[in-house]
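Residue-level listing of the chains:
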Amino acid sequence: AQSVSQHNHHVILSEAASLELGCNYSYGGTVNLFWYVQYPGQHLQLLLKYFSGDPLVKGIKGFEAEFIKSKFSFNLRKPSVQWSDTAEYFCAVNRNNNDMRFGAGTRLTVKP
Amino acid sequence: DAMVIQNPRYQVTQFGKPVTLSCSQTLNHNVMYWYQQKSSQAPKLLFHYYDKDFNNEADTPDNFQSRRPNTSFCFLDIRSPGLGDAAMYLCATSSSGTMMYFGPGTRLTVT
């Protein structure tokens with residue numbers, strides 16, 4: 001079945017550690033890719049997006065993601081996490097047909 | 001400035017008592033979505049409107065209905081809420097399937 005997969009359910013890091021969260025999708029054709037963040041008790045916010053062009057995209061708060069078409073992946077990275085990055089992170093894929101699908105989410109806990 | 005507004009933010013209803021959640025937008029986007037998000041789970045798409053065209057997900061229960069009387073407003077009706085329908089309900093908008101803007105959500109409690 002077509003899906004969006006986030007392999008890590010819960011990631012625990014110390015401050016200043018590097019972060020990489022995996023996201024893979026199984027849809028063919030043209031896709032738009034997103035990472036959303038949901039801080040505790042808050043609504044979903046867009047971190048970054050990829051529509052076309054440079055496959056390395058930079059978002060807010062020092063996050064970046066790389067689209068690798070051959071691997072159907074869109075992994076999220078941050079070189080040095082902070083305690084305030086503790087949140088739930090969702091990868092999402094839009095297939096240009098108004099159909100946005102989310103991955104199951106990865107909970108990131110950053111220990112001070 | 002609020003762009004996607006959901007009312008109420010918190011809704012308590014009784015088992016089996018119909019409830020309506022409201023969403024409005026100031027973005028003039030043609031697509032509006034309703035998602036259900038349960039604790040520690042991904043948002044699950046219930047349905048979306050492309051202009052006036054209604055698109056229901058195959059696994060959305062018949063208990064859930066939606067209305068979009070105009071571009072700005074969209075409603076989620078739960079005809080007979082069960083305990084399993086307690087969740088956060090998210091409204092989102094987009095301009096023809098590009099970036100989505102989410103509202104703050106309505107947290108529904110069923111007693």
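Look up: the structure comes first, before these words.
Residues numbered from 1 in each chain as written. Chains lettered and ligands numbered in written order. Predicted model: local features only at pLDDT ≥ 70, side-chain atom pairs only at ≥ 80, totals over all residues. Heavy atoms only, no water.

Topic: the sheet that holds strand β1 (residues 4-7) of chain B
Residues and elements named next belong to chain B.
Okay, step 1: The 4 strands are arranged β1-β3-β8-β7 in an open sheet whose pairing can be described as antiparallel. The open sheet terminates on both sides in strands that have one partner only, identified here as β1 and β7 (64-67). Between one strand axis and the next, the sheet turns by 20° as a mean value, whatever way the strands run.
Okay, step 2: As defined by bridge partners, β1 adjoins strand β3 (residues 19-25) across 4 bridges and the pair is classed as antiparallel. Within β3, the residue paired with N7 across the bridge is S22. (Pairing = 2+ DSSP bridges. Helix = DSSP H or I, 4+ residues; strand = E, 2+ residues; numbered from the N terminus. Axes fitted to C-alpha atoms, helices over the stretch in contact; angles between N-to-C directions.)

Regarding the pairing of strand β9 (residues 73-78) of chain A
Residue and element names in this part refer to chain A.
Okay, step 1: Burial analysis of β9 places 5 of its 6 residues in the buried class, which makes it a mostly covered element.
Okay, step 2: Bridge count for strand β3 (residues 19-21) against β9 is 3 bridges, and the pairing is antiparallel. Within β9, the position partnered with L21 by the bridge is L76.
Okay, step 3: Examined bridge by bridge, strand β8 (residues 64-68) and β9 share 5 bridges and lie antiparallel to one another. Residue pairing for β9: I68 is matched across the bridge by S73.
Okay, step 4: Between the antiparallel neighbours β8 and β9 lie 4 residues, among them F72 with a positive phi of about 50°. (Buried < 20%, exposed > 50% of the residue type's maximum accessible area, 1.4 Å probe, protein only.)

Here's the deal with the interface of chain B and chain A
Okay, step 1: Contacts between the two partners involve 20 residues from chain B, matched on the other side by 19 residues from chain A.
Okay, step 2: Of the roughly 1,600 Å² buried at the junction of chain B and chain A (both faces included), carbon and sulfur atoms supply 57%.
Okay, step 3: For the pair chain B and chain A, the number of links is 1 salt bridge.
Okay, step 4: At the junction of chain B with chain A, the criterion picks out 4 residue pairs in polar contact (both at pLDDT 80 or more).
Okay, step 5: Of all the secondary structure elements, the ones that give two or more residues to the side of chain B that touches chain A are β4 (31-37), β5 (44-50) and β10 (100-102) of chain B.
Okay, step 6: When residues of the side of chain B that touches chain A are assigned to their parent elements, the largest contribution, 4 residues, is made by β4 of chain B.
Okay, step 7: Of the residues assigned to the side of chain B that touches chain A, the class counts are 12 nonpolar, 7 polar and 1 charged. (Contact = heavy atoms within 4.5 Å. Buried area = accessible area lost by both parts, 1.4 Å probe. Salt bridge = Lys/Arg side-chain N within 4 Å of Asp/Glu carboxyl O. Polar contact = N/O pair within 3.5 Å; in protein donor to acceptor, adjacent residues only side chain to side chain. Nonpolar A, V, L, I, M, F, W, Y, C, P; charged D, E, K, R; others polar.)

Some points on the state of the cysteines
Residue and element names in this part refer to chain B.
Okay, step 1: Under the defined criterion, the tally for this structure stands at 2 disulfides over all chains.
Okay, step 2: Two residues share a disulfide in this structure: C23 and C91, whose sulfurs sit 1.9 Å from each other. Looking down the S-S bond of the C23 and C91 bridge, the torsion is -70°, so its handedness is left-handed. Note that C23 is positioned in strand β3 and C91 in strand β9 (residues 87-94), a separation of 68 residues in sequence.
Okay, step 3: When its relative accessible area of 0% is taken as the criterion, C91 is described as buried.
Okay, step 4: With no disulfide of its own, C74 lies closest to C91 among cysteine sulfurs, the gap being 6.0 Å.
Okay, step 5: Under the relative-accessibility criterion, C74 is labelled buried at 0%. (Disulfide = S-S within 2.5 Å.)

Thoughts on the side chain of S94 of chain B
Residues and elements named next belong to chain B.
Okay, step 1: Note on placement: S94 falls in strand β9.
Okay, step 2: One polar contact links S94 to Y33, side chain to side chain, over a distance of 3.2 Å.
Okay, step 3: Once residues within four sequence positions are removed from consideration, S94 is found in contact with H29, N30, V31, Y33, M99 and M100.

Notes on the pattern of salt bridges
Okay, step 1: Applying the stated rule across the entire model yields 7 salt bridges over all chains.
Okay, step 2: The salt bridge involving K44 of chain B is made with D59 of chain B; its shortest N-O contact spans 3.3 Å. With a gap of 15 residues between them, K44 of chain B in strand β5 and D59 of chain B in the loop between β6 (53-56) and β7 connect regions that are remote in the sequence.
Okay, step 3: Classification of D59 of chain B by relative accessible area gives exposed; the value is 53%.
Okay, step 4: A single salt-bridge network, built from bridges that share partners, covers K58, E64, E66 and R77 of chain A.

Remarks on unusual backbone geometry
Okay, step 1: Along the chain, N7 of chain B connects to P8 of chain B via a cis peptide bond; the corresponding omega equals -10°.
Okay, step 2: Mapping P8 of chain B onto the fold places it in the loop between β1 and β2 (10-13).
Okay, step 3: A positive phi is found at A16 of chain A, a non-glycine position, where the angle reads about 80°.
Okay, step 4: With respect to the helices and strands, the residue A16 of chain A is situated in the loop between β2 (10-14) and β3.

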